[in-house]
Amino acid sequence: MQNCYVGDVGDFGKYGLLRWLTGMTGMTGTAPARKLRLGVVWYLYHDNVGGGGLTDYLNPTPENIARFQECDACLYDTLAGLVLVDNNNQRNIIAVQQSGLLPGDTSYYENCRCGFANRGDWLNSALLATQTSELVFLDPDNGIAEIAEAPPVDSPKHVYMDDLIPFVERGQSLVIYHHLTRHHGIAEQEIGHFAQRLIDEIPIANLNVRALWYHRNQARVYFIVTQPCHKDVIEQRLNGFHGSSWCADADPNFTYYPAPFNLA
């Protein structure tokens, strides 16, 4: 996660998914499912020189209105306010926290990994900041680390399996960002590779693993690791998301993979 990319087209998908999973959007019927308390762990990294992400989607053309704003008008308009009216340098995670994009009881952890001498201290602080959350979003700059990839140890741009286990052991469900690299073949093969790693390397029984591939600009995937106590509400939300405008049409924003990633 880098401040310079706040509000770009990737953020639109990220926050759209989190808003749906926490019940801010997509709530239908007379008795909506309960809301889940959200925690956000930003793996904050120093901004790229000249970085800024793609924000053309915020230009209100008919195509952008149909593809983006109609999915979540509040999200679209709020991000446009952060990006297009940036008189006070609002493209940062603090502005996101203050924007109301996510539920008011969301817990945030924004300390930069580079500011800690070792990963354990940084992770313990993240665990403390999100201890009351039920659903924790982990937002590394690049995604899930390969065991043998370089740099081999303690990359601040990656999430490691050892990062995930303490959250899961205390009963929290997870949403994990991963940037698709095609190191394992086509996108579906890489999604399957990392889904299987989550299944094999998290030593907790009766978890569900689902995946959502976000197609806009650079391909990225969100893995959802669900505890049994949250299964009904998260599965209901994911099924609703799959049937929404987010996943509609021949060129959808998201593709949902509900199976075969199932540890139950």
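So, how was this worked out
Residues numbered from 1 in each chain as written. Predicted model: local features only at pLDDT ≥ 70, side-chain atom pairs only at ≥ 80, totals over all residues. Heavy atoms only, no water. Helix = DSSP H or I, 4+ residues; strand = E, 2+ residues; numbered from the N terminus. Buried < 20%, exposed > 50% of the residue type's maximum accessible area, 1.4 Å probe, protein only. Contact = heavy atoms within 4.5 Å. Axes fitted to C-alpha atoms, helices over the stretch in contact; angles between N-to-C directions. Parallel < 35°, antiparallel > 145°, perpendicular 65-115°, else oblique. Left-handed = near helix turned anticlockwise from the far one by under 90°. Nonpolar A, V, L, I, M, F, W, Y, C, P; charged D, E, K, R; others polar. pLDDT = per-residue confidence, 0-100. Lys, Arg positive; Asp, Glu negative; His and termini not counted. Salt bridge = Lys/Arg side-chain N within 4 Å of Asp/Glu carboxyl O. Pairing = 2+ DSSP bridges. Core = buried A, V, L, I, M, F, W, Y, C linked by side-chain atoms within 4.5 Å.

Let's shift gears to the overall build of the chain. Across its full length, the chain holds eight helices and nine strands. Taking all 264 residues of the chain together, 53% fall into the buried category. A sequence separation of at least 24 residues applies to 74% of the contacts in the chain between residues at least 6 apart.

Take the packing of helix H6 (residues 161–169) against helix H7 (residues 187–201) next. Working note: a packed helix pair is described by the angle between its axes plus the distance between those axes. Between H6 and H7, the shortest axis-to-axis distance is 11 Å and the interhelical angle comes to 55°. Between H6 and H7, the angle falls in the class oblique. For the element pair H6 and H7, the recorded crossing hand is right-handed. Judged by residue contacts, Met 161, Leu 164 and Ile 165 of H6 engage Arg 197, Leu 198 and Glu 201 from H7. Residue composition of the contact of H6 with H7, by class: four nonpolar, no polar and two charged.

This part covers the confidence of the model for the chain. When pLDDT is averaged across the chain, the result is 82; 83% of the residues are at 70 or more. Mean pLDDT values for the elements of the chain range from 81 in helix H4 (residues 93–99) up to 95 in strand E3 (residues 135–139).

This part is about the side chain of Arg 220. Mapped onto the secondary structure, Arg 220 falls in strand E8 (residues 220–226). The charged side chain of Arg 220 is buried without a salt bridge, its nearest counter-charge being Asp 8 at 5.2 Å. Setting aside residues up to four positions removed in sequence, Arg 220 forms contacts with Gly 10, Tyr 177, His 178, His 179, Leu 180, Leu 212, Trp 213 and Tyr 214.

Once that is clear, we can look at the pairing of strand E7 (residues 208–214). Taking burial as the measure, the seven residues of E7 include seven buried ones, the bulk of the element. Following E7, the chain reverses through five residues before pairing antiparallel with E8; Asn 217 in that reversal takes a positive phi of roughly 60°. Sheet analysis places E7 next to strand E9 (residues 254–257), joined by four bridges and oriented antiparallel. Bridge pairing in E9 links Trp 213 to Thr 255.

With that settled, the discussion passes to the sheet that holds E7. Strand pairing in a sheet relies on backbone hydrogen bonds. The paired strands run either parallel or antiparallel. An order of E2-E1-E3-E6-E8-E7-E9 is seen for the seven strands of this open sheet, with the pairing classed as mixed. A single partner strand is all that each edge strand has here, and the edge strands are strand E2 (107–109) and E9. With direction set aside, neighbouring strand axes in the sheet form an average angle of 15°. Across three bridges, strand E1 (residues 38–42) lies against E2 in parallel orientation.

Turning to the packing of helix H2 (residues 62–69) against helix H3 (residues 73–84), a few remarks are in order. One can describe the packing of H2 onto H3 by two numbers: an axis separation of 9 Å at closest approach and a directional angle of 120°. It follows that H2 is oblique to H3 by the angle criterion. In this structure, H2 uses Asn 64, Phe 68 and Gln 69 to contact H3, whose residues at the interface are Ala 73, Tyr 76 and Asp 77.

The tendency in soluble globular proteins is for nonpolar side chains to be buried side by side. With 46 residues, the main nonpolar core has Phe 12, Val 175, Trp 246 and Phe 254 as its most contacted residues. Considering every element that reaches this core, the biggest residue donor is helix H1 (residues 9–21), with seven residues. Not counting the four nearest positions on each side in its chain, Trp 246 is found in contact with Phe 12, Gly 13, Gly 16, Trp 20, Cys 71, Asp 72, Leu 75, Phe 241, Pro 252, Asn 253 and Phe 254. Of all hydrophobic cores here, the second largest spans 34 residues; its members include Tyr 43, Phe 167, Ile 191 and Leu 198.

Further remarks concern the pattern of salt bridges. Within the structure shown, the criterion is met by ten salt bridges. Within this structure, Glu 63, Arg 67, Arg 216 and Asp 251 form a network of salt bridges that share partners.

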